[in-house]
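Each chain, letter by letter, is given below.
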Amino acid sequence: MSWISDALTSSIGRKLSMSLTGLFLVSFLFVHLSGNFLLFKADNGDAFNLYSHFMSTAGIIRVLEIVLVAGFGLHIYTAIVLTRKNAAARPVEYVANGSNKKVTWFSKNMGLSGSIVLVFLLLHLQNFYWRYHNWDIPMVEIDGKEYKDMYFLVASVFKNEWWVNPVYLLGLLLLGFHLQHGFASAFNTLGLEHKKYSPIISRIGNLISVLIPLGFATMPLYFWLFN
Amino acid sequence: MTLDSKIPAGPLEEKWANHKFSLKLVNPANKRKYDIIVVGTGLAGASAAASLAELGYNVKAFTFHDSPRRAHSIAAQGGINAAKNYQNDGDSVFRLFYDTIKGGDYRAREANVYRLAQVSVDIIDQCVAQGVPFAREYGGLLSNRSFGGAQVSRTFYARGQTGQQLLLGAYSAMNRQIAAGKVKLYTRTEMLDLVVVDGKARGIITRNLVTGAIESHSAHAVLLCTGGYGNVFYLSTNAMACNTTAAWRAHRRGALFGNPCFTQIHPTCIPVSGDYQSKLTLMSESLRNDGRVWVPKKANDSRSPEDIPEDERDYFLERKYPSFGNLVPRDVASRNAKYVCDEGRGVGATKLAVYLDFADAIKRDSEPVIRARYGNLFDMYQQITGENPYKTPMRIYPAVHYTMGGLWVDYNLMTTVPGCYALGEANFSDHGANRLGASALMQGLADGYFVIPYTIGDYLAGIGSEKVGTDRPEFTTAMQEAKDRIARLLSMKGTKTVDELHRELGLTMWDYCGMSRSGEGLTKARDIIKNIKNEFETNVRLMGTNEEMNQTLEKALRLADFIELGSLMVEDALRRNESCGGHFREEYQTPDGEALRDDNQFAYVAAWEYKGDNQPEELHKESLAFENVKLTQRSYK
Amino acid sequence: MKSMNLTLKIWRQANAQAKGEMKTYSLSGINDHMSFLEMLDVLNEDLVKKGEEPVAFDHDCREGICGACSLVINGRPHGPLQTTTCQLHMRSFKDGDTIYIEPWRAKAFPVMKDLIVDRSAFDRIQQAGGYVSVNTGSAPDANEIPIGKQIADEAFNSATCIGCGACVAACKNASAMLFVGAKLSQYAMLPQGQVERKRRAEAMVAQMDKEGFGACTNTGACSAECPKEISMANIAMMNREFLTAKFTGEA
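Not measured: the values here are computed from a predicted model. (Residues numbered from 1 in each chain as written. Chains lettered and ligands numbered in written order. Predicted model: local features only at pLDDT ≥ 70, side-chain atom pairs only at ≥ 80, totals over all residues. Heavy atoms only, no water.)

1. Some remarks on the confidence of the model for chain B
What counts, and what does not: As a per-residue quantity, pLDDT reports the predictor's confidence and falls between 0 and 100.
Averaged over every residue, the pLDDT of chain B is 95; the share at 70 or more is 100%. Taken together, the chains of this predicted complex give a pTM of 0.96 and an interface ipTM of 0.98.

Here it is as structure tokens:
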């Protein structure tokens, strides 16, 4: 079975891991975003709280959570391995820096945008995931049952700990740039290149790189500025 | 010395087949006992190395480049001829043979040229099987074009880079043998001498261009596939490192040099723009299909071309050759450009150029049509000159492009040193006094893929497989001589740079032994070259040591051989009292100013024998018999 | 014709083992019609006359096809235009400019002297499988293998690679995937390349990895600097070839 490890540890194999985990994480972003839009349902957060409860208790979700963590882990681990290998491939840097207009700055700095997104992610996990599970947060009654008031937590973080908002916005901005390059790049790595479809994929990449961060950004902005 | 061309008996069509049958064979199990050195990895060298290794011989391949793929075969643009007759337009082996003999102005061997035409068809098959991406029609079959004035479409091409694609094909075949362990490749290694043991070529002396190590390699046979010597002119369309050293060193060891004065000048090159110029760039001949060549009627007219009215322009090719006009052959177009410049009617800053004007073609066919046809070339021209040829006429001037002369070889491609072979442009064999367009690639690959694999066996079977060690005195002496040459050059500490002297040599060759030659000029050149040689031997300045990468030393070693070759070219041109093909002697022309051949006295190959340092060389003549074609005088009126 | 004065900052390194450094040279009277390499020729003539070591650099055909020339000029392989260094002319620069000239930088392309690097890694990659195994003489008639014009043209686009290594020099990861991609794609597209297709992809990629090149992150810098404008699609094709070979090949 050494052929599997040969394949996966080759340069292209690692790119494959990067690309598959990346696309998987994009799919997670979609799920996460659509769920979070429940925040805007005008029911004092009931729907959102029910959703939060489901996400933190349902068995299937707990399993998927492990898959998700593994996805993040593999994406980050592969990124580190590749970055180190790639840096080793050029032990001496150029003295002069030249740039080609056709090459975007962010495409060359995926490690940086990814790292900032990671910092944001850790803050985000502390803000909500950690507190939801470990803090005493107020309870709310819906249809006669008690639930943790996640809606209240979200609102209060964005309102009272307002200083996290710029970090969120920056994180989302960089997530956008990360996606802008990463989405189409993942398809190229998979070898899915076609004269007709590649331009479409690249346009979809551009679109989601704007829509996903914008969608997420509406939440802190809403609670910070309008509520 | 008697020259034996070993041309097989029998009818022309059957010579090669009969010969192949009569050649001795080396038993397949014995082939691995033979070592063959291949110097040069261009089309001829790479194809020979691959083919011989496939047969089972052990091949050592040498190139001074960092990779075999950089050999100058790569720069060939136009295409490769083959008598496939895919276009059903009347081509045949005999027609390709006939055109080549006629194009060479009847100074090539019939038997060799016929064989070349015969194997041309196999070359295309081989290259296509290797994955060479030739141009194709929509139906998926190969496309052909007519090239260089040929009346049939027999040229196979790969956009403007046929040379690169064919070379990559041969290189890939060689790579396969390197992987198989049958070819050992030595890159950045330059041959400095041929080693002859008991009258047979048994090895070479090389310099490792990275470490400077002088090394010896022994083998049962040595193949020189080292290209032409156009850089004797300093400025040419050859690559910077193209040189004659391998061929010249073999010549000094006893290989006769054939027709050294036969050089080809290409009419459509971008002109020289200043003293710093290092290289001339060829523009495809196809430009003359639509461009009109002209100069001002007045001498020293410094107006810009747009300001010169139609009636003050001299479309000299159209005027002198009304039926062929701008499409006269390369040598005629070149020579006439020289004449008008000699009259002071040249254009541009240096006055050594003529206009190639597309204004009429653009008016007739529209700019987009012309762009579709020549866009790449126009861009290249603009890139180099900074001028826009859609708006202002191009300036062109002839430049040295190819050398038909080279080491004399017999029908088996063996030089007069047994066991030393010359293939491709390095030999003199197939193009006579003038080469047809798209025939250089054909010859290089014919020699490497389809001739040498047969003929070398005959020799090897005869000498036995016993190896000769590099500890033989012939090796150690040759090695010491090479080291001494290098030490002498490095110790001189004179005042002139290698390039300065090379430029002087080049200018002399160009002025007196270039497009047009005269007894008087050649005699003058003889003395100038003597002075250059003297200057080179006493006053050249090199830097650094041998034991390192030293590009000036490389150039100096090459220049030393160019200087000696230059003087031989002058002797050869002086001795050939006729005009033929690329060799135009001003004394020998028709009243109309056309080349005047003298078939009674000069239908021979001039093969020169080296007689020692500073000694005049001895001329041997191989007379040429034409049994299958009638000798005619060219006319393009 | 304009004359210009320039300051050159050039990487000088005596040999592979030596430590190199940037050295400054000033050069005057450079004419804007000169090619970049001719400008270096002028510098070298000056240096030899002054008794200094000339600058070593690879170059040969000077017409943009042999792939020998290899300079990083002001941080860009082959300089500001998308062409080879030999086709770059001094009119692309201004009087008074400072020009940085460095060798290709990659672990797999070690510097041998000054601006010369060892690119034999490219040859070894091709020796690993960049060929169709057909012995001389065993080929069928050329027209027995019809190839649609579109495929032939696409394969040709890949085949135009001149092996200069600018892709590696441009890539922030010193990746050779554009080069290897172009070679693999040419054969993958043509019928002649089908028989050995899987073996070739695996072998060439393995050799590429062994040589120490980095991995592609799809920035497109290679293609943007490639003098022959080889497209990124070649890298996608290589990925597909390799993954297909690894996961479906039986060897």
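2. As for the sheet that holds strand E7 (residues 200-208) of chain B
The strands that make up a sheet pair up through hydrogen bonds in the backbone, lying either parallel or antiparallel. Residues and elements named next belong to chain B. Applied cut-off: Strand pairing requires that DSSP identify at least two bridges connecting the strands. Secondary structure follows DSSP: runs of H or I at least 4 residues long count as helices, runs of E at least 2 residues long count as strands, and numbering of each begins at the N terminus. Between N-to-C directions, angles cover 0 to 180 degrees, with each direction set by a line fitted to C-alpha atoms, over the stretch in contact for helices. Note on definitions: a residue-residue contact is assigned when non-hydrogen atoms from the two residues lie within 4.5 Å.
Strands sit in the order E6-E7-E8 across an open sheet of 3 strands; the sheet is antiparallel. Looking along the sheet, the strands with just one partner apiece sit at the ends: strand E6 (189-197) and strand E8 (214-218). The sheet shows a mean angle of 25 degrees between the axes of neighbouring strands, taken without regard to direction. Here 5 bridges tie E7 to E8, and the two strands are oriented antiparallel to one another. For threonine 206, the partnering residue across the bridge sits in E8 and is glutamate 215. Against the sheet, helix H13 (residues 473-491) makes contact with E6, E7 and E8, and its axis sits at roughly 140 degrees relative to E6, the strand it touches most.

3. Quick word on the interface of chain A and chain C
Here is the rule we go by: Note on definitions: buried area is the accessible-area loss of two parts on being combined, 1.4 Å probe, summed for both. Only one rule defines a salt bridge in this text: a Lys or Arg side-chain nitrogen within 4 Å of an Asp or Glu carboxyl oxygen. In protein, a polar contact means a hydrogen-donor-capable atom and an acceptor-capable atom, both N or O and within 3.5 Å, with residues adjacent in sequence counting only if both atoms are side-chain atoms; elsewhere, any N or O pair within 3.5 Å suffices. Following the grouping adopted for this structure description, the nonpolar residues are Ala, Val, Leu, Ile, Met, Phe, Trp, Tyr, Cys and Pro, the charged ones are Asp, Glu, Lys and Arg, and the polar ones are all others, Gly among them.
Listed by partner, the interface residues are 36 residues for chain A and 47 residues for chain C. Both faces combined, the contact of chain A with chain C buries some 3300 Å², and carbon together with sulfur accounts for 57% of it. On the surface where chain A and chain C come into contact, there are 1 salt bridge. For lysine 195 of chain A, the salt bridge is made with glutamate 154 of chain C, and the minimal N-O distance between the two is 2.6 Å. Connecting chain A to chain C are 22 residue pairs in polar contact (both at pLDDT 80 or more). For the side of chain A that touches chain C, the elements supplying multiple residues, two or more each, are helix H1 (2-9), helix H2 (11-36), helix H4 (59-88), helix H5 (105-108) and helix H8 (164-189) of chain A. Element by element, the count of residues in the side of chain A that touches chain C is highest for H2 of chain A, at 5 residues. Classifying every residue of the side of chain A that touches chain C gives 14 nonpolar, 14 polar and 8 charged.

4. Quick notes on the packing of aromatic side chains
All names here are of chain B. To be explicit about the condition: Only the six-membered ring of Trp is used, alongside the rings of Phe and Tyr, when aromatic pairs are assigned; centres must lie within 6.5 Å, and planes under 30 degrees apart are stacked while those over 60 apart are edge-to-face, with the rest tilted. Burial status follows relative accessibility: with a 1.4 Å probe on protein chains alone, a residue under 20% of its type maximum counts as buried, one over 50% as exposed, and anything between as partly exposed.
In this structure the tally under the stated criterion is 41 aromatic pairs over all chains. On the numbers, 4.9 Å between centres and 65 degrees between planes, the contact of phenylalanine 358 with phenylalanine 378 is edge-to-face. Of the two residues, phenylalanine 358 sits in the loop between strand E14 (354-357) and helix H10 (359-365) while phenylalanine 378 sits in helix H11 (residues 367-385), which places them 20 residues apart along the sequence. Each member of the pair, phenylalanine 358 together with phenylalanine 378, is buried.

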